[in-house]
Amino acid sequence: MGHPVLAGVDGSARSLAAADWAAREAVLRGVPLRLVHAFPPLPGDAVPVQAAETLHLLGERILQRAIAGLGARCPDLRARGEQAADAPAVALLAASDAGLLVVGARGSGGFDGLAVGSVALRVAAAAACPVVLVPERPVGGLADGTRVAGGATGVVVGFDAYRPVGEVADFAFTAARARGAQLRVIEAWALPAEAVSPQKLFVTEEDRATWEDQEVLQLSDALRPWQDRYPEVTTRTDVVLLHPAEALLNASRGADLLVVGRRTDPQAPEGRLGPVAHAVLHHARCPVAVVPHAG
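Residues numbered from 1 in each chain as written. Predicted model: local features only at pLDDT ≥ 70, side-chain atom pairs only at ≥ 80, totals over all residues. Heavy atoms only, no water.

A count of helical and extended segments in the protein chain gives eight helices and ten strands. The proportion of buried residues among the 295 residues of the protein chain is 42%. Long-range pairs, those at least 24 residues apart, make up 79% of the contacts in the protein chain between residues at least 6 apart in sequence. Summing over all exposed atoms, the protein chain offers an accessible surface of approximately 15,000 Å²; the carbon and sulfur share of this is 54%. (Helix = DSSP H or I, 4+ residues; strand = E, 2+ residues; numbered from the N terminus. Buried < 20%, exposed > 50% of the residue type's maximum accessible area, 1.4 Å probe, protein only. Contact = heavy atoms within 4.5 Å. Areas by Shrake-Rupley, 256 points an atom, 1.4 Å probe, with all protein chains shown as cover.)

The next subject is the packing of helix 7 (residues 244-251) against helix 8 (residues 275-283). For the pair helix 7 and helix 8, interaxial distance at closest approach is 9 Å and the crossing angle is 35°. With respect to the hand of their crossing, helix 7 and helix 8 are arranged in right-handed fashion. For the pair helix 7 and helix 8, the contacting residues are Pro244, Ala245, Leu248 and Leu249 in the first and Val276, Ala279, Val280 and His283 in the second. Its residues assigned to classes, the contact of helix 7 with helix 8 shows seven nonpolar, one polar and no charged. (Axes fitted to C-alpha atoms, helices over the stretch in contact; angles between N-to-C directions. Left-handed = near helix turned anticlockwise from the far one by under 90°. Nonpolar A, V, L, I, M, F, W, Y, C, P; charged D, E, K, R; others polar.)

Within the secondary structure, Ala161 is located in the loop between strand 6 (155-158) and helix 5 (166-179). A residue is classified by how much of its surface remains accessible, and Ala161, at 3% relative accessible area, is buried. For the pair Ala161 and Gln218, spaced 57 residues apart in sequence, the C-alpha to C-alpha distance is 6.1 Å.

Okay, the layout of surface pockets next. The calculated volume of the largest pocket comes to roughly 850 Å³. Around the largest pocket, the lining comprises 31 residues; the ones closest to its centre are Asp160, Val165, Gly261, Arg263 and Val276. For the lining of the largest pocket, the residue count by class is 18 nonpolar, five polar and eight charged. (1 Å grid on protein atoms, 1.4 Å probe; cavity = no way out; pocket = protein on both sides within 12 Å on 5 of 7 lines; lining within 4 Å. Points joined across faces, edges and corners; volume = space filled by probe spheres on them.)

With that settled, consider the packing of aromatic side chains. All chains considered together, the criterion is met by two aromatic pairs. Look at Phe173 and Tyr230: their rings are 5.1 Å apart centre to centre, the planes differ by 25°, and that puts the pair in the stacked class. Separated by 57 residues along the polypeptide, Phe173 in helix 5 and Tyr230 in the loop between helix 6 (205-229) and strand 8 (235-240) bring together distant segments of the chain. The same class applies to Phe173 and to Tyr230, which are both buried. (Phe/Tyr/Trp six-rings, centres within 6.5 Å; stacked < 30°, edge-to-face > 60°.)

The subject of this paragraph is the pairing of strand 6. As defined by bridge partners, strand 6 adjoins strand 7 (residues 183-188) across four bridges and the pair is classed as parallel. Paired with Val157 across the strands is Val185, a residue of strand 7. Regarding topology, helix 5 serves as the crossover connection from strand 6 to the parallel strand 7, and that connection is right-handed. When strand 6 meets strand 9 (residues 257-263), the two strands line up parallel, connected through three bridges. Within strand 9, the residue paired with Val155 across the bridge is Leu257. (Pairing = 2+ DSSP bridges. Right-handed = clockwise from strand over helix to strand, strands pointing away.)

Glancing now at helix 6. Because an α-helix completes one turn every 3.6 residues, residues spaced three or four positions apart along the sequence face the same direction. End to end, helix 6 covers 36 Å across 25 residues, agreeing with the expected 36 Å (1.5 Å per residue, within 8%). Of all the bends found along helix 6, the most pronounced is centred on Leu223 and spans about 40°, while Pro225, a proline, follows it within four residues. Where helix 6 is buried, its residues contact helix 5, strand 7 and strand 8. (Expected span 1.5 Å × (residues − 1). Bend = angle between axes of the 7 residues up to and from the residue.)

With that settled, consider the packing of helix 1 (residues 13-29) against helix 5. It is the contact of helix 1 with helix 5, at a shortest axis distance of 10 Å, that shows an interaxial angle of 85°. Relative to helix 5, the element helix 1 is oriented roughly perpendicular. Along the contact surface, helix 1 presents Trp21, Glu25, Leu28 and Arg29, while helix 5 presents Phe171, Ala178 and Arg179. Class assignment for the residues of the contact of helix 1 with helix 5 results in four nonpolar, no polar and three charged. (Parallel < 35°, antiparallel > 145°, perpendicular 65-115°, else oblique.)

Right, let's talk about the nonpolar core for a bit. Judged by nonpolar contacts, the single largest core of 48 residues is most densely connected at Leu33, Leu35, Val102, Leu183, Leu257 and Val259. At seven residues, the largest contribution of residues to this core is made by helix 5. Apart from the residues lying within four places of it in its own chain, the contact partners of Val102 are Val5, Leu6, Ala7, Gly8, Ala18, Trp21, Ala22, Val132 and Val134. Residues Ala38, Leu101, Ile186 and Leu258 belong to the second largest nonpolar core, which totals 37 residues. (Core = buried A, V, L, I, M, F, W, Y, C linked by side-chain atoms within 4.5 Å.)

So, on to the pattern of salt bridges. On inspection of all chains with the given rule, the structure shows 14 salt bridges. For Arg224, the salt bridge goes to Asp221, with nearest N and O atoms at 3.3 Å. Pair noted here: Arg224 and Asp221 are both in helix 6, with a separation of three residues, about one helical turn. (Salt bridge = Lys/Arg side-chain N within 4 Å of Asp/Glu carboxyl O.)

Written out as structure tokens, the structure is:
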């Protein structure tokens, strides 16, 4: 049996949308789904027993309703719920056996206009396994996860042809294969430093085309090992002269999933998100997978 998919739920519509996405992912992977409801211990030394019991019963009710609803929509789902007497981010990060963590971009807290909550950011920055952040209404679906006609299709991944990251590429190709979807590979590039100088104040179309052709060839060569490894996945490559975050956000409009990487840092136990991942998480309208890697 593979590692389970784990999702945090707090009873909010946002967390239930994330749980629905997690349930469908668990079925695709053929693994169980674990739902976690976390609540930190009440403050003070003398906490009334009735208050603690009420919180526990409320958590059980949230889990039972979520599992019942998911089971009705995903008959093949194997799911179980559990409670954790800890802060939500701590409880989710402690799940060492998870193959994938799924959270709502926001939970029940925060304020109107807040794109990503503190729990989602902390989990995305520090989890040992890939993390998927799901917006309240994923593109192509409703809040309860129901698909709509003309909905989202395809997986998008950011790819650096000069420093390819195996963990990110494998995750994206595997996700596309499981969905029978096209994989769109985005390589963002910039003009070389020598493109503009005091002697050369503008870039000719010929020079730009030459540099772009070089980028296209570099991407083709770098991507070939994964195309050979996943021959059933149809890939589309795009080389764009844009900031990486802007290129990914443009490409991910209407996508099922956007995949980005996160470099792990042993010197930062709380984790760290790079500028591209941070920007994407705050502005993407589709689910975003953040894949940790050491390189």
